[in-house]
Amino acid sequence: MSGSIMETSLVSDTKPVATLEIQVDTSDIDGVKETSTNAERVPEKVVKGDLESVSPEDDDPWAAIIPELREEQKWSSLNTQQRVRFVFLLIVKIILLIVFMYFFICSLDFLSSAFRLLGGLAAGDVLNDHFLLSNPVCGLMMGVLVTVLVQSSSTSTSIVVAMVSAAIIPVRQAIPIVMGANIGTSVTNTIVALGQAKERNEFRRAFGGATVHDMFNWLTVLIFFPIEIITHYLELMTNRILSGLDLMEQDVEVEILKAVTGPFTKLIVQIDKSVITKVAEGTLNISDARLLKVCSTNLTETCKYNHIFAKTTMTDTEVGLIMLAAAITILFVCLFAIVKLLHSMLKGSIALLIQKFINADFPGYLSFLTGYVAILIGAVMTFIVQSSSIFTSAITPLVGIGVISLERMYPLTLGANIGTTATGLIAALATSGGSLRNALQIALCHLFFNISGILVWYPLPFMRKVPVTLAKILGNTTADYRWFAMLYLVTMFLIIPAIVLGLSIAGVVYLLAIGIPLFVFIVVVSIINILQRKLPRVLPKKLHNWEFLPSCLHSLDPLDRLFSCSFIKRNLAKKRGKEDSAQGVDNHAFNGV
């Protein structure tokens, strides 16, 4: 979208304003080539020396603008031939959308397999360290790291259920691990949001939609982790529920989505997930373990595997790197195609109808039930696909293009948290050779932990706004600084868990000595930030803003200049300018860098 300033005027006795006549070229919106001229008065705003470009989404970038159809594109204006062509193209687009969505889901499966090949055995070996698991903080952080490594909370919770069933770890030690698994599972849809980084507001909405899941999980852990450590309410509640029940082992297996994607993904790669469980249980040495299913080197034996790596001589790590590169490539190509197809399909009155239907509330006094129905839908859909990562990753692009609002995405992710606990319950019911009761208890702990979080962060409207507001802050930040998304991913899912894990291993004294002052500092800064916006008069004049601090302590601009290499460009320009001055040459082209 481009704009040209035709006239600027100052109005006496009023606040200086700029009168802008803006030529809007909408040719970048899915082939709609239309130029409109509208004069409007807007407050004068100077950004880096230029008047800021005006966009329809500037007032509220979280509310997407649905492109309107041109008059000649409307159904009533089309002749028979054009209508046939329109219907044919629509059918082709729907088929392509289904195909790309299928490969998108398969790429998530490949991504999970790649991470398991690269870090699955290490994750199992970590869970085999009973000394670390005896420390609840270590257990929590290990749950985060293991889930990030295997890219699936369903896998990590199933491993924990198997370990509890085999009496390797007690239920009390397993509860922090499943809490950590809840946090780690949200990394996948955050990665998916990176695929919409090209368009600023789409990236803002997509990243916000992905991180609202993160915020809910972190906030829930911050509240209920210390409560569980002090009171053991989850352990006691589930123990009371299961007491007196006559439990019998059941042969249960539900794989709805796998029945569709399995035939293709199994042709590419097959891994033995039970190996991770065996390493975690200590029944298999990590040096003798191999996740990739490969044929025997004995030529007389018939190979029972038919995937492309069945006869490979490469190690698991080498195959994992190949699969990681392939999975990321397929994921982003499919995501790009899905977004483009949705953009071309969701225009005009039909798109507005879909958008209003998805984001609409029930009428009248039943409006409060809308969010709870969304939670139910999220739980059912996650149960069907057997993965919260797949469900939330599939709807993240829809948040980016504005079909689903952030406020509607929030209850859907809460439902996904409920639905993903079904995997643990199924794994518990299918337990063999162990304690069914203990396995079912840890699975129920996972369920009631998520329900506890929902009861705190959803029913009350002002509490509901906390995770949504934090997600919007992250979305706005990433819209201004694209590199922040990668920094967030690495920091929240690797660096912070690793540091906390290290401090926990060092001892409780070290953890509290560093953790408590840091926590108090964060709380104080947060309170001051709120007061600066809401009640600045109660603060000393110096604390009305953070300008008295060095810029690196209150702004991301210094890091932005570093990551964007702008300081290198300026130094090169100065150096080149000096050389040109010495030679008597004025290089305008280079000075524009």
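Residues numbered from 1 in each chain as written. Predicted model: local features only at pLDDT ≥ 70, side-chain atom pairs only at ≥ 80, totals over all residues. Heavy atoms only, no water.

**Looking at the overall build of the protein chain**
The number of helices and strands found in the protein chain is 22 helices and four strands. Split into buried and exposed, the 593 residues of the protein chain put 42% on the buried side. The contacts of the protein chain with a sequence gap of at least 6 include a subset with a gap of at least 24, amounting to 72%. Total accessible area on the protein chain stands at roughly 31500 Å², and carbon and sulfur atoms take up 64% of it. (Helix = DSSP H or I, 4+ residues; strand = E, 2+ residues; numbered from the N terminus. Buried < 20%, exposed > 50% of the residue type's maximum accessible area, 1.4 Å probe, protein only. Contact = heavy atoms within 4.5 Å. Areas by Shrake-Rupley, 256 points an atom, 1.4 Å probe, with all protein chains shown as cover.)

**Considerations on the nonpolar core**
Residues Phe-104, Ile-169 and Ile-442 are the most contacted members of the largest nonpolar core, which totals 123 residues. At twelve residues, helix H7 (residues 200-231) tops the list of elements feeding residues into this core. With residues near it in sequence (within four places) discarded, Phe-104 still touches Val-192, Leu-331, Cys-334, Leu-335, Ile-338, Ser-393 and Ala-394. (Core = buried A, V, L, I, M, F, W, Y, C linked by side-chain atoms within 4.5 Å.)

**Thoughts on helix H17 (residues 461-480)**
Along an α-helix, residues three or four apart share an orientation, since each turn contains 3.6 residues. If you check H17, its first and last C-alpha atoms are 29 Å apart, about what 20 residues at 1.5 Å a residue would give, namely 28 Å. The principal kink in H17, of about 25 degrees, is found at Pro-467. Residues of H17 that are buried: Met-463, Pro-467, Val-468, Ala-471, Leu-474, Gly-475, Thr-477, Thr-478 and Ala-479. (Expected span 1.5 Å × (residues − 1). Bend = angle between axes of the 7 residues up to and from the residue.)

**What to know about empty space enclosed by the protein**
Using the criterion set out here, one finds one cavity of 30 Å³ or more in the structure. Each pocket or cavity is described by its volume, and for the largest cavity that value is around 30 Å³. Considering the residues around the largest cavity, the lining is formed by Thr-157, Val-161, Val-178, Gly-424, Ile-442, Ala-443 and His-446. Contributing elements (two or more residues each) for the lining of the largest cavity: helix H4 (153-165) and helix H16 (436-457). Of the residues assigned to the lining of the largest cavity, the class counts are four nonpolar, three polar and no charged. (1 Å grid on protein atoms, 1.4 Å probe; cavity = no way out; pocket = protein on both sides within 12 Å on 5 of 7 lines; lining within 4 Å. Points joined across faces, edges and corners; volume = space filled by probe spheres on them. Nonpolar A, V, L, I, M, F, W, Y, C, P; charged D, E, K, R; others polar.)

**A look at the environment of Phe-448**
Inspection of the secondary structure puts Phe-448 in helix H16. Considered as a pair, Phe-448 and Leu-234 are 214 residues apart in the sequence and their alpha carbons are 7.1 Å apart. Every residue in contact with Phe-448, bar those within four places of it in the chain, is listed here: Leu-234, Met-237, Thr-238 and Ile-241.

**Remarks on the packing of aromatic side chains**
Each aromatic ring pair is described using two quantities: the centre-to-centre distance and the angle formed by the ring planes. Within this structure, the stated rule accounts for 14 aromatic pairs. When the centroid spacing of 5.3 Å and the interplanar angle of 90 degrees are considered together, the rings of Phe-103 and Phe-264 count as edge-to-face. In this pair, Phe-103 sits in helix H1 (residues 80-127) while Phe-264 sits in helix H9 (residues 258-268), placing the two residues 161 residues apart along the sequence. We classify Phe-103 as partly exposed; its relative accessible area is 31%. (Phe/Tyr/Trp six-rings, centres within 6.5 Å; stacked < 30°, edge-to-face > 60°.)

**Details of the state of the cysteines**
As enumerated under the stated definition, the model contains zero disulfides in all. Not part of a disulfide, Cys-106 finds its nearest cysteine sulfur in Cys-334, a span of 8.7 Å. (Disulfide = S-S within 2.5 Å.)

**With respect to the side chain of Ser-452**
Within the fold, Ser-452 resides in helix H16. Engagement of the side chain of Ser-452 in a polar contact is seen with the side chain of Tyr-233, the distance being 3.0 Å. Ignoring sequence-local partners within four residues, the contact set of Ser-452 consists of Phe-224 and Tyr-233. (Polar contact = N/O pair within 3.5 Å; in protein donor to acceptor, adjacent residues only side chain to side chain.)

**A word on unusual backbone geometry**
Even without being glycine, His-232 reaches a positive phi, approximately 55 degrees. Inspection of the secondary structure puts His-232 in the loop between H7 and helix H8 (233-242). Among the residues examined, His-232 registers a relative accessible area of 18% and is labelled buried.

**Comments concerning the pattern of salt bridges**
Between side chains of opposite charge, pairing is possible as soon as their charged atoms come close. Following the criterion strictly, the structure yields four salt bridges and no others. Its salt-bridge partner being Asp-316, residue Arg-290 comes within 2.7 Å of it at the nearest N-O pair. Note that Arg-290 is positioned in the loop between helix H10 (274-281) and helix H11 (316-345) and Asp-316 in helix H11, a separation of 26 residues in sequence. Under the relative-accessibility criterion, Arg-290 is labelled partly exposed at 31%. On the accessibility criterion, Asp-316 (9% relative accessible area) is buried. (Salt bridge = Lys/Arg side-chain N within 4 Å of Asp/Glu carboxyl O.)

**Notes on the packing of helix H3 (residues 136-150) against helix H5 (residues 171-184)**
Axis separation between H3 and H5 bottoms out at 7 Å; the angle between their running directions is 40 degrees. Considering the angle they form, H3 stands oblique to H5. In this structure, H3 crosses over H5, and the sense of that crossing is right-handed. Here Pro-136, Gly-139, Leu-140, Gly-143, Val-144, Thr-147 and Val-148 of H3 come into contact with H5, specifically with Pro-176, Ile-177, Met-179, Gly-180, Ala-181, Ile-183 and Gly-184. (Axes fitted to C-alpha atoms, helices over the stretch in contact; angles between N-to-C directions. Parallel < 35°, antiparallel > 145°, perpendicular 65-115°, else oblique. Left-handed = near helix turned anticlockwise from the far one by under 90°.)

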